[in-house]
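Tertiary structure, described
Chain residues, written in single-letter form:
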Amino acid sequence: MKVAVIGGGKIGEAVASRLVSSDFVDFVTVTRRTVGKAQLKGKKVKVTDDNESAATASDVIILSVKPGDAHTVLRQIGHVVEGKLVISLMAAITARNIERALPGARVVRAMPNIAALVGEAITAYSEGSTATRHDIATVESLLSTFGETIHVTEQMMDAVTALSGSGPAYIALLIESMVSAGLKVGLPRDTAFQLATKTLTGTAGLLRDRMMHPAELRDAVTTPAGTTIAGIYELEKGSVRTAMMNAVEAATLAARKISKEFEEKG
Ligand SMILES: NC(=O)c1ccc[n+]([C@@H]2O[C@H](COP(=O)([O-])OP(=O)(O)OC[C@H]3O[C@@H](n4cnc5c(N)ncnc54)[C@H](OP(=O)(O)O)[C@@H]3O)[C@@H](O)[C@H]2O)c1
């Protein structure tokens, strides 16, 4: 299978690098305007600035430009994607709007995150009006090359974008805060970094593998008048929970605004 990744930026390159190493994919054409900035090299990959030729030469087209560049790209490839599968990784742009711009293409929206770079993404996807069962199987295989997949309805996509698409930035901020906290209580920076990152992945692994509710885990490690409750008390005072809920809600609203702006530009 030949795949075009239109927009080889942060997420496009991450995705393309995993596709290139999968047996499932024969060739990947990555496009961007400034070809010289591309990092990807190899026998199974080509980088070009020609979106139309890339789409023509491929069976599956992955769109990973910023929503603001979508109109241009959709116009360039609109007449060469009839009968092809198009997977849009773009935030906020609905399948219906993509289908309108790409008549005859079968569209699936997918929202990965930057952990795709290390094959640890979670990618939510939802199909447009004409995608077939076979397309969904193809999409699952392609998305699985860079992590786990989950099917959602399209109405959930803006919320997904806000939670797991933007999520790595929130987690990075959390880890950064824990490293600063470690420094404040006298730990060397790399020790604090190792402790914070492994605590995060270990806790996530424990909750997932044991199917444990987070509150159950928190209770289990919080002893009366102990160290953990002293820390938890300060986190609750700082409204960490509310801040996270507000952050995800604000990001969801931002996605909806981008979607509206795209429709208004027509
Ligand atoms: N970053 C994430 O974590 C993430 C996660 C999930 C989904 N997404 C979605 O993925 C999309 C890209 O995000 P990003 O963070 O990867 O942005 P980015 O790093 O800015 O990448 C966008 C790429 O598109 C290229 N581009 C722009 N106009 C183009 C055109 N006309 N033809 C071909 N290439 C063009 C740009 O390269 P040149 O400037 O060289 O043209 C750039 O490399 C967005 O829609 C975003 O919502 C991102």
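Residues numbered from 1 in each chain as written. Predicted model: local features only at pLDDT ≥ 70, side-chain atom pairs only at ≥ 80, totals over all residues.

Let's talk about the overall build of the chain
- Along its length, the chain carries 11 helices and eight strands.
- Overall, the chain is about 70 × 40 × 35 Å in size when its C-alpha atoms are taken along their principal axes.
- Residue pairs in contact within the chain that sit at least 24 positions apart in sequence constitute 61% of those at least 6 positions apart. (Helix = DSSP H or I, 4+ residues; strand = E, 2+ residues; numbered from the N terminus. Contact = placed C-beta atoms within 7 Å.)

Looking at the site of the ligand
- Taken together, 28 residues form the shell around the ligand, and within it Gly7, Gly9, Arg32, Arg33 and Ala91 come nearest.
- The leading source of residues in the shell around the ligand is helix H1 (residues 10–20), at three residues.
- A breakdown of the residues in the shell around the ligand according to their chemical character gives 11 nonpolar, 11 polar and six charged. (Near = placed C-beta within 6 Å. Nonpolar A, V, L, I, M, F, W, Y, C, P; charged D, E, K, R; others polar.)

Observations concerning the domain arrangement of the chain
- Domain annotation for the chain reports domain 1 (2–157) and domain 2 (167–255).
- Distance between the C-alpha centres of domain 1 and domain 2: 33 Å. (Domains from an automatic or database assignment.)

As for the nonpolar core
- The biggest cluster of nonpolar side chains holds 60 residues, and the ones touching the most others in it are Ile6, Ile61, Ile62 and Val86.
- With six residues, the single largest contributor to this core is H1. (Core = buried A, V, L, I, M, F, W, Y, C linked by C-beta atoms within 7 Å. Buried ≥ 20, exposed ≤ 12 C-beta atoms within 10 Å, placed from the backbone.)

Concerning the sheet that holds strand E3 (residues 45–48)
- The mixed open sheet is built from eight strands, whose spatial order is E3-E2-E1-E4-E5-E6-E7-E8. The open sheet has two edge strands with one neighbour each: E3 and strand E8 (147–151). Adjacent strand axes in the sheet meet at a mean angle of 25°, parallel and antiparallel pairs treated alike.
- Summarising the sheet, strand E1 (residues 2–6) and strand E4 (residues 60–63) pair through four bridges and their orientation is parallel. Each bridged residue has a counterpart across the sheet, and for valine 5 the counterpart in E4 is isoleucine 62.
- Strands in contact with helix H5 (residues 133–144) are E4, strand E5 (85–88), strand E6 (106–111), strand E7 (121–127) and E8; relative to E6, the strand with the most contacts, it is inclined by about 35°. (Pairing = 2+ DSSP bridges. Axes fitted to C-alpha atoms, helices over the stretch in contact; angles between N-to-C directions.)

Quick notes on unusual backbone geometry
- For alanine 92, which is not glycine, the phi torsion reads 75° and is therefore positive.
- Along the chain, the position of alanine 92 falls in the loop between E5 and helix H4 (95–101).
- Classification of alanine 92 as buried rests on a count of 22 C-beta atoms within 10 Å.
- You will see that alanine 225, though not glycine, has its phi angle at about 55°, which is positive.
- Checked against the element boundaries, alanine 225 lands in the loop between helix H9 (214–220) and helix H10 (227–237).

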